[in-house]
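Examination of the molecular architecture
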Amino acid sequence: METAIRNLCQMTNCLKMPSADLEDLRRHLSNHGQDHLLQFWPRLTADQRSQLAQDIGAVDFVDVATAYRDTVVNKQNDEVGNLDAKLEPIPDELHEGVSRCSARQLDEYREIGLREIANGHVAALLLAGGQGTRLGVTYPKGMYDVGLPSHKTLYQLQGERLLKLEELAEKLTGKNGTIPWYIMTSEHTMEPTLEFFANHNYFGLQRENLFVFEQYMLPCITQEGKIILESPFKIAKAPDGNGGLFRALQQRGILEDMIRRGIKYVHVYCVDNILVKMADPVFIGYCISKGANCAAKVVEKVAPTEAVGVVCRVGGKFQVVEYSEISSTTAQKRNADGRLTFNAGNICSHFFTVDFLRQIGSGAKRLKYHIAQKKIPYVGEDGKTVKPLKVNGIKLEKFVFDVFVFSDKFAAWEVHREAEFSPLKNSDDAPKDTPTTARLSLYALHRQFIEDAGGKFDDGKCDSFVSVDLQTNDEKKDIEEKSPVVTCEISPLVSYAGEGLEELVAGKTFSGPVIINSTRENVTSNRTNNGTCNGTSHS
């Protein structure tokens, strides 16, 4: 069959096809119930036939049939109560966090992580397949500017955090270790991402330590399991979800590169969290201390109905359960201390050992598929593409956290939401997860860094404060907490997580916008005549 498809792909300069090869292809498609893919074959040009043959050759028809059977035909519509009976919270011994550890213990975890970074054992892996459609832009989310004074994009903020982390590791150990940065894009975001980094000189990173690779695509199917044609010679396809990472690691040569470099630990995260601490040494150190091969960062849920997946155990296996899958009664359960029993909110920030990653995809360790009901353009009887007005098909995808079930050494690390989680998903027309909420979250965190380092803010003299509205629509009862936030941006090249600011801010009072830059950047510095500082520079 592969030979027949290869022969067809090679026939780009002639409209005549070997009849045996074409019949083999027809039989192959018919055996899988997909013979409709050739319905426009007689009217196609040679180039169009070649493209269609290539599309068909890239499809694993057995995998598509299995995915359809498992997700649609044999889908188990378990009653919520049955699932609830299987749910268990993460055991306390595997669920530590920033507020549950002493300062000494946090320092020990941080040192472990920094030493592994200095030894070149840690990599960061970014899931960056999404376009900024919901933000109202047509380019990758990582290229988005939320309106900071520096106008740094998400990509730049993250790249500079890695540079600072390498510097901190070298300061501790004297070793100049690097953190390779692997970025998984989609078909639509790969070229713009490559061009963006090249145009910005990789934000100071070494080119050889940045790896951009593409996730795979899967055919879209109808509710009856038929593969959809987008045009007479093109199969409708969609990215295989962030869980497609594990296939791409194996088949794009990424794992091979990690092994060659001596990488032992990988931090995997999503592009849209403006506060993300990539390759966080505290998280890395905690996971290593626990002997974990798979771990998740979590935040405490603010409300029983908050729309965030919960990390928990189901039938003895760790996994993420969507909030909609848990009954209201179970979601509202509380412990003796008043905290929600199922409170570990997933924020897509994960730790894996390379040894663990090498096992995924083999034997029984294969991720399950999920379905997304979508409006998928399709070809009409006249050969023209139709854009449907209602849902007409299914996109198959995998989720990165579904790999948790394969771990026998799982751990969770709880962090403060205001310090590490502020997703950017929607335009400013939406009530939450917008450029404004992301920007203000960073301002608030950086103000806290300054106060923790001994600086003060004269709120009475500041006239540029804005009110951060933390109201959530996830509860019937409104929750409102308003606090003033002044424009306050600290370059990642100056501080990764608030460290090293004392000599810059201790004993100083700030009464307006504060911008702290590295000497490698443009400097903004203003002082009032009474000695208070509106902005300062790092020198």
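Residues numbered from 1 in each chain as written. Predicted model: local features only at pLDDT ≥ 70, side-chain atom pairs only at ≥ 80, totals over all residues. Heavy atoms only, no water.

Per an unreviewed UniProt entry, the protein chain is named UDP-N-acetylglucosamine diphosphorylase, and its organism is Oedothorax gibbosus. Annotation of the protein chain in UniProt includes, under Sequence similarities (unreviewed entry), the sentence "Belongs to the UDPGP type 1 family." The Pathway (unreviewed entry) field of the UniProt record for the protein chain holds the comment "Nucleotide-sugar biosynthesis; UDP-N-acetyl-alpha-D-glucosamine biosynthesis; UDP-N-acetyl-alpha-D-glucosamine from N-acetyl-alpha-D-glucosamine 1-phosphate: step 1/1." (UniProt positions renumbered as here; feature names shortened; annotations may be inferred.)

Helix and strand content of the protein chain: 16 helices and 27 strands. Restricting to contacts in the protein chain with at least 6 residues of sequence separation, those with at least 24 account for 73%. (Helix = DSSP H or I, 4+ residues; strand = E, 2+ residues; numbered from the N terminus. Contact = heavy atoms within 4.5 Å.)

So, about the environment of Q359. With respect to the helices and strands, Q359 occurs in helix α13 (residues 354-359). Using a relative accessible area of 34% as the deciding quantity, one classes Q359 as partly exposed. In sequence terms Q359 and F246 are 113 residues apart; their C-alpha atoms lie 9.6 Å from each other. (Buried < 20%, exposed > 50% of the residue type's maximum accessible area, 1.4 Å probe, protein only.)

This part takes up helix α11 (residues 281-290). Most of α11 sits out of view: seven of its ten residues are buried. For α11, every residue scored as buried is listed here: P281, V282, F283, I284, G285, Y286 and C287. N-cap assignment for α11: the residue whose side-chain oxygen lies 3.1 Å from the backbone N of V282 is D280. (Polar contact = N/O pair within 3.5 Å; in protein donor to acceptor, adjacent residues only side chain to side chain.)

Another point: the pairing of strand β19 (residues 410-414). Here β19 lies mainly inside the structure; five of its five residues are buried. On β19, burial covers both faces: F410, A412 and E414 on one face and A411 and W413 on the other are all buried. As paired elements, strand β2 (residues 95-97) and β19 share three bridges and run parallel to each other. Counterpart to H95 in the pairing with β19 is A412. (Pairing = 2+ DSSP bridges.)

Below, the discussion takes up the nonpolar core. Ranked by internal contacts, the top residues of the largest apolar core, which has 50 residues, are L126, Y155, L165, W181, I183, F197 and W413. With near-sequence residues (within four places) excluded, I183 lies in contact with L126, A128, F197, L210, F211, V212 and F213. Ranked by size, the runner-up nonpolar core spans 41 residues in total, among them F213, V268, C270 and F410. (Core = buried A, V, L, I, M, F, W, Y, C linked by side-chain atoms within 4.5 Å.)

This next bit is on the packing of aromatic side chains. Scanning the model with the defined rule gives 17 aromatic pairs in all. When the ring of F196 is compared with that of F203, the centres are 5.9 Å apart and the planes differ by 50°; the resulting orientation is tilted. Given the relative accessible area of 12%, F196 is considered buried. A relative accessible area of 10% means that F203 is categorised as buried. With 5.8 Å between their ring centres and 25° between their planes, Y265 and F351 make a pair best called stacked. (Phe/Tyr/Trp six-rings, centres within 6.5 Å; stacked < 30°, edge-to-face > 60°.)

Our next topic: helix α3 (residues 46-57). Its twelve residues give α3 an end-to-end C-alpha distance of 16 Å, which sits within 8% of 16 Å, the value for a rise of 1.5 Å per residue. Three or more residues of α3 are buried, namely A46, R49, S50, L52, A53, D55 and I56. (Expected span 1.5 Å × (residues − 1).)

Before going further, it helps to spend a moment on the environment of E397. Looking at the secondary structure, you find E397 in strand β18 (residues 393-397). A relative accessible area of 24% places E397 in the partly exposed class. The spacing of E397 and G244 is 153 residues in sequence and 7.5 Å in space, taken between C-alpha atoms. Every residue in contact with E397, bar those within four places of it in the chain, is listed here: D240, G241, K368, Y369, H370 and A372.

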